Amino acid sequence: RAKVLALIEEGVAVEGPVHAHRLARKVDNAFGLVRVTQPRIDAILQAGRLRPDEHGFLWPPGLTAQSWTLHRPDPTQDRPVEHISPHELANALHEVALASGGITPEELKKVTSELFGFRRLTAGVGEALDAALTLALQTGRLRWENELLRGQSG
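Residues numbered from 1 in each chain as written. Predicted model: local features only at pLDDT ≥ 70, side-chain atom pairs only at ≥ 80, totals over all residues. Heavy atoms only, no water.

## Thoughts on the pairing of strand S4 (residues 148–151)
This is how it is decided: Remark: exposure states derive from per-residue accessible area (1.4 Å probe, protein chains only) relative to the maximum for the residue type, with buried under 20%, exposed over 50%, and partly exposed in between. Here a helix means four or more residues in a row that DSSP labels H or I, a strand means two or more in a row labelled E, and each is numbered from the N terminus. For two strands to count as paired, DSSP must find a minimum of two bridges between them.
Every second residue of S4 is oriented toward a common face, the buried set being Leu149 and Gly151 and the non-buried set Leu148 and Arg150. Taken together, the 4 bridges between strand S3 (residues 142–145) and S4 define a ladder with antiparallel strand orientation. Residue pairing for S4: Leu142 is matched across the bridge by Gly151. Joining the antiparallel neighbours S3 and S4 is a turn of 2 residues, in which Asn146 adopts a positive phi near 60°.

As structure tokens, this is what we get:
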């Protein structure tokens, strides 16, 4: 149990925000287990007394979705899109829009998806980026100006 707790804490600290399934898989892999089942994921999360956010992500102590402004480019596509927090995707959308000075939604999603190693805008990637775009607009990180999206400074 102590080893599991140590791996959980280290995983959240190093990779947070991290999707609960990804963390559980990494903990299992550390013990030589390959197949991760939902009961095992639940047991790992329960052992660490962890509660994922509404999107299934675990955040390091002192870090919240509202305070986090970074994104981690992933050209090797190590994380599937469902293991990238919508907040992280929204942060990337913001950065791309800010750097562009104004960009169409289609181009914004294309450029952002490439930051994370997705060469094709599949349905799953498109849905994740649409949700992140909505989040970025709701939180004021992006705004519409005519037919273009612009990143908000500050």
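## Quick look at the environment of Thr104
In plain terms, the rule: Distance and chemistry together define a polar contact, namely a pair of N or O atoms within 3.5 Å, with one atom able to donate a hydrogen and the other to accept it when in protein, and with adjacent residues in sequence counting only for side-chain atoms on both sides.
For Thr104, the position within the fold is in the loop between helix H4 (86–100) and helix H5 (105–115). Residue Thr104 is classed as partly exposed on the basis of its relative accessible area of 32%. In this structure the C-alpha to C-alpha distance between Thr104 and Trp144, which are 40 residues apart in sequence, comes to 9.7 Å. Here the side chain of Thr104 touches Glu107 through a polar contact of 3.2 Å, landing on its backbone nitrogen.

## Regarding the pattern of salt bridges
We apply this condition: Should a side-chain nitrogen of Lys or Arg be within 4 Å of a carboxyl oxygen of Asp or Glu, the pair is scored as a salt bridge.
The full count for this structure, using the stated rule, is 11 salt bridges. When the shortest N-O distance is used, the salt bridge between Glu145 and Arg143 registers 2.5 Å. When its relative accessible area of 31% is taken as the criterion, Arg143 is described as partly exposed. It is possible to trace a salt-bridge network through shared partners that takes in Glu15, Arg22, Lys26 and Asp78.

## Quick notes on the environment of Leu33
In plain terms, the rule: Any two residues whose heavy atoms approach within 4.5 Å at even a single point are treated as in contact.
Inspection of the secondary structure puts Leu33 in the loop between helix H2 (20–30) and helix H3 (38–47). If we skip the residues at most four places from it in the chain, Leu33 touches Asp28 and Arg40.

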